[in-house]
Amino acid sequence: MFSQSVFETKKNRNKHEFEEADVIFVADLFTDEYSGGAELTTEALFGTSPYKTFKLKSSDLTEQLIQQGVNKTWVFFNFTGMNLNLIPMIVANLYYFITEYDYKFCRYRSIELHKKETGEECDCHNSDYGKFISSFFAGAEKIFWMSDKQKERYQERFPFLTNKKSIRLSSVFDVKDLEQIEKLRKSRNETESNGKWAIIGSNSWIKGVEKSKNTLDDFFKDDNYDVLSGLEYSDLLKTLSRYEGLCFTPLGGDTCPRVVIEAALLGLQLHVNNNVQHIGEAWWGGSPDEIEAYLLDGHKRFWDEVERHINRDIK
């Protein structure tokens, strides 16, 4: 009885919070379940919301919630857990934005992984599935991209996703995380690194962990590197700050990998490849202070667009 009562109380509280919210964030996961780069960016944006904002698991979205939320502003992040049959109803009834972290028009969410798994070039954009997903993007007020190269890949396949609909957001950081990185960088300047290189452990094929190992094996010949995994975010930053450099060689387009930004801001040397898709953008070539300023402006880039929509003139 007690557990059922607690469940009902939480359900009623969530219902009230949804009804009271101005903005709805929809995502597969939030940081209370998983702290990947996408989830950290979503949480950073949530933390600076000037509106009442509600987090909704994509798997919990229903027709009833769509009907109840027609006067709200919605933001869809990762949504593979969502019932995709709801997309026509979303397009027809909701005012929404999309923050795209990867390549959801592809069934593998990666053009390169598609080829690895099938032996064929990705043609998902010509499939019913790809066209269905692209219709969801076309109905959005704006699309927030992680990098220019990511946006260009989409627009090559779906020319109707014009620049008018596009904002380059990049990864977004919580202020306290950037403050910690800045402190660690200053501490690093006062002490020597351990002389070793770091690789970030991952079970994801696209992160290219084995490729990074092979790269450093060829370079050092003496296992002068460590694979870092299983660390809480704050501890990862502390640990990473002690290293000489970071090797990160993804096997496919990685739209704006957060760890590369963190390593650069910490003052590490970088060995990355062209699949790190934010490399070459103007902001990336600046000093640590300039990069931090750009990252902090991400909050403004995002919420200014949402606010512009919320405050629009109704004709």
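Everything quoted here is computed from the prediction, not taken from an experiment.

Extensive coverage of strand β1 (residues 23-27) is indicated by the burial of 5 of its 5 residues. Residues Val23, Phe25 and Ala27 point to one face of β1 and Ile24 and Val26 to the other, with burial holding for every one of them. Sheet topology note: the β1/strand β2 (residues 53-57) ladder contains 5 bridges and is parallel. When the bridges of β2 are listed, Val26 appears paired with Leu56. Where the polypeptide runs from β1 across helix α2 (residues 37-47) and back to β2, its parallel neighbour, the crossover connection is right-handed. In this structure, β1 lies alongside strand β3 (residues 73-76), joined through 4 bridges in parallel fashion. Across the sheet, residue Ile24 finds its bridge partner in β3, namely Trp74.

Our next topic: the sheet that holds strand β9 (residues 245-248). In spatial order, the strands read β8-β7-β9-β10; together these 4 strands make up an open sheet with parallel pairing. What marks the edges here is a single partner per strand, and that holds for β8 (225-228) and β10 (269-272). Taking each pair of neighbouring strands and ignoring which way they run, the sheet shows an average axis angle of 25°. With 4 bridges connecting them, strand β7 (residues 197-200) and β8 associate as parallel partners. Bridging from a neighbouring strand, Ile199 pairs with Val227 of β8. Each of β7, β8, β9 and β10 is contacted by helix α9 (residues 209-220), which is oriented at about 165° to β7, the strand it contacts most.

Our focus in this paragraph is the packing of aromatic side chains. The relation between two aromatic rings is expressed through the spacing of the ring centres and the mutual angle of the planes. Under the definition given, this model contains 27 aromatic pairs. When the ring of Phe25 is compared with that of Phe46, the centres are 6.1 Å apart and the planes differ by 65°; the resulting orientation is edge-to-face. Of this pair, Phe25 sits in strand β1 while Phe46 sits in helix α2, placing them 21 residues apart in sequence. Look at Phe25 and you get buried, because its relative accessible area is 0%. For Phe46, a relative accessible area of 24% puts it in the partly exposed group. Judged by centre distance (5.6 Å) and plane angle (75°), the ring pair of Phe105 and Phe158 falls under edge-to-face.

Rules used in this analysis
Residues numbered from 1 in each chain as written. Predicted model: local features only at pLDDT ≥ 70, side-chain atom pairs only at ≥ 80, totals over all residues. Heavy atoms only, no water. Buried < 20%, exposed > 50% of the residue type's maximum accessible area, 1.4 Å probe, protein only. Helix = DSSP H or I, 4+ residues; strand = E, 2+ residues; numbered from the N terminus. Pairing = 2+ DSSP bridges. Right-handed = clockwise from strand over helix to strand, strands pointing away. Axes fitted to C-alpha atoms, helices over the stretch in contact; angles between N-to-C directions. Contact = heavy atoms within 4.5 Å. Phe/Tyr/Trp six-rings, centres within 6.5 Å; stacked < 30°, edge-to-face > 60°.

Geometry only, nothing functional implied.
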